[in-house]
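Each chain is listed here by its residues.
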Amino acid sequence: MRTHPTKNKKLTCLISLIVVLMLSACSINKDLTESSIKPPKNIILMIGDGMGLTQVSTAFYYQDIPSNFNRFKYIGLHQNTPSSHKVTDSASGATAFSAGVKTYNGAIGVDQDTVAVPTILEMMANGGWSTGLVATSSIVHATPASFYAHTASRNSYEEIARQLVYAPVNFFAGGGIQFFAERSDNLNYIDSLEQEGFEVDTTNLSTSRLDITKKYAYLLAPDGMPKMQEGRGDFLPNATQMALKHLSQHEDGFFLMVEGSQIDWGGHNNDANYVIQETLDFDKTIGLALDFAEKDQNTLVIVTADHETGGLSLSAATIFGQGDYSKIIPSFSTGNHSAALIPVFAYGPGAEHFMGIYQNHEIFDKMLQALKMDAAP
Ligand code: MG
Ligand code: ZN
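Procedures and definitions
- Residues numbered from 1 in each chain as written.
- Chains lettered and ligands numbered in written order.
- Predicted model: local features only at pLDDT ≥ 70, side-chain atom pairs only at ≥ 80, totals over all residues.
- Heavy atoms only, no water.
- Pairing = 2+ DSSP bridges.
- Helix = DSSP H or I, 4+ residues; strand = E, 2+ residues; numbered from the N terminus.
- Axes fitted to C-alpha atoms, helices over the stretch in contact; angles between N-to-C directions.
- Donors = N, O, S within 2.8 Å, 3.2 Å for Na, K, Ca; no water.
- Buried < 20%, exposed > 50% of the residue type's maximum accessible area, 1.4 Å probe, protein only.
- Phe/Tyr/Trp six-rings, centres within 6.5 Å; stacked < 30°, edge-to-face > 60°.
- Lys NZ or Arg CZ within 6 Å of the ring centre and 35° of its normal.
- Core = buried A, V, L, I, M, F, W, Y, C linked by side-chain atoms within 4.5 Å.
- Contact = heavy atoms within 4.5 Å.
- Parallel < 35°, antiparallel > 145°, perpendicular 65-115°, else oblique.
- Nonpolar A, V, L, I, M, F, W, Y, C, P; charged D, E, K, R; others polar.

### A word on the sheet that holds strand E8 (residues 299-304)
Within a sheet, adjacent strands bond to each other through the backbone by hydrogen bonds, running parallel or antiparallel. Pairing in this open sheet of 10 strands is mixed, and the strands run E5-E6-E4-E3-E7-E1-E8-E13-E2-E14 from one edge to the other. Edge positions in the sheet fall to strand E5 (198-201) and strand E14 (356-359), since each of these pairs with one other strand and no more. Each neighbouring strand pair of the sheet contributes to a mean axis angle of 15°, computed without reference to strand direction.

### Comments concerning the coordination of the zinc ion (ligand 2)
Each donor-metal-donor angle in an ideal tetrahedron of four donors is 109.5 degrees, and each such angle in an ideal octahedron of six donors is either 90 or 180 degrees. Ligation of the zinc ion (ligand 2) by protein atoms is provided by Asp 264 (OD), Asp 264 (OD), His 268 (NE2) and His 337 (NE2), these donors lying 2.1 to 2.4 Å from the ion. Along the chain, the residues donating to the zinc ion (ligand 2) fall in the pattern D-x3-H-x68-H. Of the two residues, Asp 264 and His 268 both sit in helix H10 (residues 263-268), four residues apart, roughly one turn of that helix. You can call His 268 partly exposed: its relative accessible area is 33%.

### With respect to the packing of aromatic side chains
This model, assessed by the stated rule, comprises eight aromatic pairs. Seen in terms of ring centroids, Tyr 157 and Phe 179 are 5.0 Å apart; in terms of plane orientation they differ by 45°. Their pairing is tilted. Here the residue Tyr 157 occupies a position in helix H6 (residues 157-165), and Phe 179 occupies one in helix H7 (residues 178-181), the gap between them amounting to 22 residues. Every member of this aromatic cluster is reached through a ring pair, and the members are Phe 69, Phe 72 and Phe 345. The ring centre of Tyr 274 lies 4.6 Å from the NZ or CZ of Lys 227, which sits over that ring. Here Lys 366 stacks its cationic end above the ring of Tyr 358, 4.3 Å away from the centre of that ring.

### Examining the nonpolar core
By size, the foremost hydrophobic cluster in this structure holds 53 residues, and its most contacted members are Leu 133, Phe 147, Tyr 148, Phe 172, Phe 180 and Phe 255. Here this core takes six residues from helix H12 (residues 362-371), the largest share from any one element. Not counting chain neighbours up to four residues away, the residues in contact with Phe 255 comprise Ile 43, Leu 45, Ile 120, Leu 121, Met 124, Ser 130, Thr 131, Gly 132, Phe 147, Leu 247 and Met 367. By size, the runner-up hydrophobic cluster in this structure holds 46 residues, among which are Met 51, Phe 69, Phe 171 and Ala 239.

### Structural notes on the packing of helix H2 (residues 53-61) against helix H11 (residues 272-296)
Geometrically, a packed helix pair is captured by the angle between its two axes and the distance between the axes. H11 packs onto H2 with a crossing angle of 75° between their chain directions and a minimal axis gap of 9 Å. Comparing their axes, H11 and H2 come out roughly perpendicular. Residues Gln 55, Thr 58 and Ala 59 of H2 lie in contact with H11, whose contacting residues are Val 275, Ile 276, Thr 279, Leu 280 and Asp 283. Class assignment of the residues belonging to the contact of H2 with H11 gives a composition of four nonpolar, three polar and one charged.

### Regarding unusual backbone geometry
The residue Asn 186 is not glycine, and still its phi comes out positive at about 60°. Structurally, Asn 186 is set in the loop between H7 and helix H8 (189-195). By relative accessible area, Asn 186 is classed as exposed at 72%.

Set out below in structure tokens:
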């Protein structure tokens, strides 16, 4: 049988069209993959101390505006078992994030043999990024300390304060004046901060122009900052906004750690209103970080917690032995931490790394993966 030349030509045409379409589809896919794995310029790591899924849930039930947690598409879970116990504390929990190691409860930036391990903040500072820390605890408390200090015990507050003076930090805000100014060794580390190039303010978040060449230290309470219930106001969102403003002036990008420190303290106190007020303040601050990241398009935002505190439950009310499903009653099962898996929310370039279920110290690995940075030898 004679083949039909026109039909053959049409067929060849169709095949080449399909091939061209497949090739271009491939290249579009390739572009998408490449852009989605492009390293972020900036990382904002936000830690709600003691903020398990139930604490996060309070942001959906106890305010009239939509929670900023709604804005995340990439969500995972981490398991936070430390090397020494079944349930973690905040030092071991934060060191897992900051340095990528499973260590013992109480460890600040050291492994289980008390050997100092480089932190993400130090590694990024070495690589040219600027760095910042904002917390509602004292700035030498376990969570922020784990990013810049290396001590065998979280209780070595004065030594941690000394280490902060010489750490590669460009901006910090929180409480803790006493650990710099009223020390057992009678040394004045406020002066030392100034000698190291910090503009120090112990009265308020001054609105003066943020000079790119300067470092800023805001120490606004003797120890922890006041509770929201005691009128802390917008310290956390405002300090975070100032940190973003200052750090984003640096062309090489930044690493910023923001801690909602007192969600944990409300849990230890079994004070539901304390937990809720602190969570809503943290939620508001997350909103600012996401606004920055949405505009910037080059910032990875990660929100998580070190552990859950209080075994918080949001249950239906019980009236005369009957469930009243029209009412949510917060209650606690402990004044301590719990072992519940902890949610991780991520936004921006590299966010897809944070999906799935993994160990807490893998958050460090995932930040490095996102940055395409190797762990220190
Ligand atoms: Mg903390
Ligand atoms: Zn705690």
